[in-house]
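Report on the structure
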Number of protein chains: 2
Amino acid sequence: MEKKKNVSMAVIKRMPKYYRYLGELVKNDVDRISSKELGEKIGFTASQIRQDLNNFGDFGQQGYGYNVKELHNQIGTILGVGKEYNAVLIGAGNIGQAIANYSRFTDIGLGITAIFDANPKLVGMRIRDVEIKDIDELKEYLEENTIDMGILCVPRINAQKVCDVLVNGGVKGIWNFAPIDLHVPETVKVENVHLSESLLTLVYQMNK
Amino acid sequence: MEKKKNVSMAVIKRMPKYYRYLGELVKNDVDRISSKELGEKIGFTASQIRQDLNNFGDFGQQGYGYNVKELHNQIGTILGVGKEYNAVLIGAGNIGQAIANYSRFTDIGLGITAIFDANPKLVGMRIRDVEIKDIDELKEYLEENTIDMGILCVPRINAQKVCDVLVNGGVKGIWNFAPIDLHVPETVKVENVHLSESLLTLVYQMNK
DNA sequence: TAGATTGTTAATCGATTAACAATC
DNA sequence: TAGATTGTTAATCGATTAACAATC
């Protein structure tokens, strides 16, 4: 799919930002943009933008720049936007409910097919038409359905255990909101959202 | 406060992780640890750990290693744990409510003193004993109270506008959950939690 | 064509790792 | 004291920026 293997994490983390800014430009009917202009918008150097994009292909044209709509689509394809991803969400607490309710992720292609929780009070309830099932049914559910992703919103203490069930159930990625570093096989990708650590980083900077 | 000025972002982002692991060790009554052992636990090199810590002081002892409890406290102090931070939360939607409800941040010293929303249906409701006020009252509230931090959970379209009110109201930091890069003066620190970008990063990695 | 801007190579900068003298 | 492990300097590695020939 990509031109070169082993694109660095630094580059990958910047791609969604390009995608977002280009989406804005598409919305504003901007047809073309140079790396210089885009760089000024985003706050990157033109050089960095060209280097980043050239990890994936030659999307520009000398003397012209980049076609906004085309580049937006290309980056979308690179990131995997548009494909459908079946996900299960585990832990219907504060964060879990927020994620399940947040419609923005549907645009990316995320579809939450089932929600699980250990709390009997929550089991049977529905979030956006998706029923909350008992966590004990997770293993069986994963056997009977092809699930790409697990969204992990359980308390720290249960996170690794639930993670193992997800991994054994065949998920290829875990979006982890639990404050812990999960142990998974190399084939499974983990993306962490560690809110406490984010907050601490902010607090540190505020104290300077 | 710190030994050297200008600690790099790469280091700062790792500090909360040290703090978390050391907190675990304290809980497990571990008295001392060497950079080698800690490195194996976290997945960093011993060298990196020593380099990182020496940005802030000489916390170790040759031939012994680090006193776990002491190092945990020291890093806590560096990060600013324990101090009290007054915060307002703007946007009581999915994410906003989740953050307001999440008690874990209280441990760090975060106290949400008021919540604001534009939706009249939400105004007057309470989340954990904190009343949701009308967004129009934000400016006045900030004039009458000393607020350190704004937690921004409003839709993208309103984010910069609300951000400006927060900045003029004297906040020193903004924890931003809106999918936008905010423009603020240099004195104000912004920490972004861009969930869509996090999800896209995961999706990209899953497709490899 | 001439001007603009890319793709890409080379130079620089910063961050990580290795090595080791200092010292508990 | 001898062994262990730090703090710190030096070496390496990787990422960013600058430069420029290629070309639309």
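Residues numbered from 1 in each chain as written. Chains lettered and ligands numbered in written order. Predicted model: local features only at pLDDT ≥ 70, side-chain atom pairs only at ≥ 80, totals over all residues. Heavy atoms only, no water.

Which entries qualify depends on this criterion: UniProt positions are given in the numbering used here, feature names are shortened, and annotations may be inferred rather than shown by experiment.
Under an unreviewed UniProt entry, the name given to chain A is Redox-sensing transcriptional repressor Rex, and the source organism is Clostridium lentum. A UniProt comment under Function (unreviewed entry) is attached to chain A, and it reads "Modulates transcription in response to changes in cellular NADH/NAD(+) redox state."

**Regarding the UniProt feature "domain: CoA-binding" (unreviewed entry) in chain A**
Put simply, the test is: Helix and strand definitions here come from DSSP, where helices need a minimum of 4 consecutive H or I residues and strands a minimum of 2 consecutive E residues; each element is numbered from the N-terminal end.
Mapped onto this numbering, the UniProt entry annotates "domain: CoA-binding" (unreviewed entry) at residues 80-181 of chain A. Annotation note: span residues 80-181 of chain A, helix share 32%, strand share 28%, distance between end C-alpha atoms 25 Å.

**Some points on the protein's contact with DNA strand C**
Heads up, the rule is: We call a residue near a given molecule or strand whenever any one of its heavy atoms falls within 4 Å of it. Polar contact criterion, stated in full: a pair of N or O atoms within 3.5 Å, where within protein one must be able to donate a hydrogen and the other to accept it, and residues adjacent in sequence count only if both atoms are side-chain atoms. By the convention adopted, Pro, Cys, Tyr, Trp, Phe, Met, Ile, Leu, Val and Ala count as nonpolar, Lys, Arg, Asp and Glu as charged, and the other residues, Gly among them, as polar.
DNA strand C sits among 27 residues. The nearest are Ser-35 and Gln-51 of chain A together with Ser-47, Gln-51 and Gln-61 of chain B. Take the atoms of DNA strand C that sit within 4 Å of the protein: sugar and phosphate atoms are 56% of them. Measuring from a phosphate oxygen of DNA strand C, one finds a side-chain N or O atom of Arg-14 of chain B at 3.0 Å. Gln-48 of chain B has a polar side-chain atom sitting 3.1 Å from a sugar or linking oxygen of DNA strand C. Listed by contribution, the elements that provide at least two residues to the surface near DNA strand C are α3 (46-53) of chain A together with α1 (9-27) and α3 (46-53) of chain B. If you tally residues by element for the surface near DNA strand C, the top one is α3 of chain B, at 4 residues. When its residues are assigned to classes, the surface near DNA strand C shows 4 nonpolar, 17 polar and 6 charged.

**Some points on the packing of aromatic side chains**
Note on aromatic pairs: each is described by the distance of the centres and the angle between the planes. What counts is decided by this rule: Whether two aromatic rings pair depends on their centres lying within 6.5 Å, for rings of Phe, Tyr and Trp, where Trp uses its six-membered ring; planes under 30 degrees apart make the pair stacked, over 60 edge-to-face, and the rest tilted. Accessible area is worked out with a 1.4 Å probe on protein chains only. A residue is then buried under 20% of its type maximum, exposed over 50%, and partly exposed in between.
Applying the stated rule across the entire model yields 12 aromatic pairs over all chains. Considering the side-chain rings of Tyr-102 of chain A and Phe-105 of chain A, the 4.9 Å spacing of their centres and the 75° angle between planes classify their relative orientation as edge-to-face. Ring geometry for Tyr-18 of chain B versus Phe-44 of chain B: centroids 5.8 Å apart, planes at 85°, classification edge-to-face. You can see Tyr-18 of chain B sitting in helix α1 and its partner Phe-44 of chain B sitting in the loop between α2 (35-42) and α3, a full 26 residues away along the chain. Both residues of the pair, Tyr-18 of chain B and Phe-44 of chain B, count as buried.

**As for the UniProt feature "binding site: NAD(+)" (unreviewed entry) in chain A**
So the rule is basically this: Put simply, the grid is 1 Å and covers the protein atoms alone, a cavity is a trapped set of points that fit a 1.4 Å probe, a pocket is an open set with protein on both sides within 12 Å along at least five of seven lines, and lining residues have an atom within 4 Å of a point. Throughout, a residue-residue contact means that at least one pair of heavy atoms, one from each residue, lies within 4.5 Å.
Within this structure's numbering, the places UniProt gives as "binding site: NAD(+)" (unreviewed entry) are Gly-91, Ala-92, Gly-93, Asn-94, Ile-95 and Gly-96 of chain A. The annotated residues named above include Ile-95 of chain A as those lining the largest cavity. Among the secondary structure elements, Asn-94 of chain A is positioned in helix α5 (residues 94-101). A relative accessible area of 32% places Asn-94 of chain A in the partly exposed class. If we ignore the near neighbours within four places in the chain, the residues touching Asn-94 of chain A are Ala-98, Asn-101 and Tyr-102 of chain B.

**Notes on a negative patch on the surface**
Our working definition: Within the patch definition used here, like charges are joined within 9 Å and nonpolar side chains (Val, Leu, Ile, Met, Phe, Trp, Tyr) within 5 Å, considering only residues with over 30% relative accessible area and no salt bridge. Using a 1.4 Å probe, accessible areas were evaluated by the Shrake-Rupley method; residue-level cover was limited to the displayed protein chains. In what follows, salt bridge is the name for a side-chain nitrogen of Lys or Arg lying within 4 Å of a carboxyl oxygen of Asp or Glu. In this tally Asp and Glu are treated as negative and Lys and Arg as positive; neither His nor the chain ends contributes. Charge coordinates come from a single atom per side chain, which is NZ of Lys, CZ of Arg, CG of Asp or CD of Glu.
A contiguous patch of negative charge, built from Glu-131, Asp-136, Glu-137, Glu-140 and Glu-144 of chain A, is present on the exposed surface. The partly exposed category is assigned to Glu-131 of chain A, whose relative accessible area is 34%.

**What to know about the protein's contact with DNA strand D**
Neighbouring residues of DNA strand D: 27 residues in total, closest Gln-51 and Gln-61 of chain A together with Ser-35, Gln-51 and Tyr-66 of chain B. When the atoms of DNA strand D within 4 Å of the protein are grouped by moiety, sugar and phosphate amount to 55% of the total. Here a phosphate oxygen of DNA strand D sits 3.2 Å away from a polar atom, N or O, in the side chain of Asn-54 of chain B. Among the secondary structure elements, those contributing two or more residues to the surface near DNA strand D are α1 (9-27) and α3 of chain A together with α3 of chain B.

**Notes on the layout of surface pockets**
The line we're drawing: Grid points are joined across faces, edges and corners, and a volume is the space filled by probe spheres set on the points.
Considered as a void within the structure, the second largest pocket measures approximately 940 Å³ in volume. Considering the residues around the second largest pocket, the lining is formed by 43 residues, among which Tyr-102 and Arg-104 of chain A together with Pro-155, Arg-156 and Pro-179 of chain B are closest to the centre. Of all the elements in the fold, those that place two or more residues in the lining of the second largest pocket are α1 and α6 (104-108) of chain A together with α5 (94-101), β4 (110-117), α7 (138-144), α8 (156-168) and α9 (195-206) of chain B. Element by element, the count of residues in the lining of the second largest pocket is highest for α1 of chain A, at 6 residues. Its residues assigned to classes, the lining of the second largest pocket comprises 23 nonpolar, 9 polar and 11 charged.

**Here we look at the packing of α1 of chain A against helix α2 (residues 35-42) of chain A**
All names here are of chain A. Basically, it comes down to this: To define axes, lines are fitted to C-alpha atoms, for helices over the stretch in contact only, and angles between the resulting N-to-C directions are given on a 0 to 180 degree scale. Roughly parallel refers to an angle under 35 degrees, roughly antiparallel to one over 145, roughly perpendicular to one between 65 and 115, and oblique to any angle outside these ranges.
Contact geometry for α1 and α2: axes closest at 11 Å, N-to-C directions at 105°. Compared by their axis directions, α1 and α2 come out roughly perpendicular. Here Lys-17, Tyr-18, Tyr-21 and Leu-25 of α1 lie close against α2, whose contacting residues are Leu-38, Lys-41 and Ile-42. Grouping the amino acids of the contact of α1 with α2 by side-chain chemistry returns 5 nonpolar, no polar and 2 charged.

**A closer look at the pattern of salt bridges**
Pairing between side chains of opposite charge can happen when the charged atoms of each approach one another. This structure, assessed with the given rule, holds 20 salt bridges over all chains. In this structure, the salt-bridge partner of Glu-191 of chain A is Lys-13 of chain A, at a minimum N-O distance of 3.1 Å. Highlighted residues: Glu-191 of chain A in strand β9 (residues 189-192) and Lys-13 of chain A in helix α1, separated in sequence by 178 residues. For Glu-191 of chain A, a relative accessible area of 7% corresponds to the buried category. The exposure class of Lys-13 of chain A is partly exposed, given its relative accessible area of 40%. A salt bridge links Asp-148 of chain A to Lys-172 of chain A; its shortest N-O distance comes to 3.2 Å. Taken together, the residues Asp-148 of chain A in the loop between α7 (138-144) and β7 (149-152) and Lys-172 of chain A in the loop between α8 (156-168) and β8 (173-176) connect sequence positions 24 residues apart. For Asp-148 of chain A, a relative accessible area of 12% puts it in the buried group. In the salt-bridge network here, residues are joined through shared partners; they are Lys-17 and Arg-20 of chain A together with Asp-181 and Glu-197 of chain B.

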